[in-house]
Amino acid sequence: MDTLQLGIAIPYDFDWAGLVDAAYAVPADNVGTKSVRERIFWDMQEQRVYLKDLEQFLEKKEEFQKVINEFPYLNPRAKKI
């Protein structure tokens, strides 16, 4: 299986600003929305960018895992990948 097929899209609202409609939140200029509560669908052009980024991540995956596994302050259970 091609490694690029392993990518999983994750919604990006990690601080929940859109969910709670935080007064401080403003939409990014480059996405064309008027509210942080408005959601958009990525078109094929943006998916190509995503795949390029995924490929870069996969190239560095072992380096990321090494940093995690060698980090002394992280609980060993949390290091499981």
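Residues numbered from 1 in each chain as written. Predicted model: local features only at pLDDT ≥ 70, side-chain atom pairs only at ≥ 80, totals over all residues. Heavy atoms only, no water.

Focus: the overall build of the protein
Next up, step 1: Secondary structure summary: the protein contains two helices and zero strands in total.
Next up, step 2: Put simply, the protein has 81 residues, and 10% of those count as buried.
Next up, step 3: If you take every contact in the protein between residues at least 6 apart in sequence, the share linking residues at least 24 apart comes to 25%.
Next up, step 4: Within the structure as shown, the protein displays about 7,700 Å² of accessible surface, and the carbon and sulfur contribution to it stands at 58%. (Helix = DSSP H or I, 4+ residues; strand = E, 2+ residues; numbered from the N terminus. Buried < 20%, exposed > 50% of the residue type's maximum accessible area, 1.4 Å probe, protein only. Contact = heavy atoms within 4.5 Å. Areas by Shrake-Rupley, 256 points an atom, 1.4 Å probe, with all protein chains shown as cover.)

Digging into a nonpolar patch on the surface
Next up, step 1: Taken together, the side chains of Trp-16, Leu-19 and Val-20 define a hydrophobic patch exposed on the protein surface, amounting to about 350 Å² of accessible area.
Next up, step 2: Inspection of the secondary structure puts Leu-19 in helix α1 (residues 17–20). (Patch = residues over 30% accessible without salt bridge, like charges linked within 9 Å, V, L, I, M, F, W, Y side chains within 5 Å. Salt bridge = Lys/Arg side-chain N within 4 Å of Asp/Glu carboxyl O.)

Some words on the packing of aromatic side chains
Given two aromatic rings, their pairing is described by the distance between the two centres and the angle made by the two planes.
Next up, step 1: Enumeration over the complete set of coordinates arrives at two aromatic pairs.
Next up, step 2: Between the aromatic rings of Phe-71 and Tyr-73, the centroid separation amounts to 5.7 Å while the plane-to-plane angle is 75°, which identifies the pairing as edge-to-face. (Phe/Tyr/Trp six-rings, centres within 6.5 Å; stacked < 30°, edge-to-face > 60°.)

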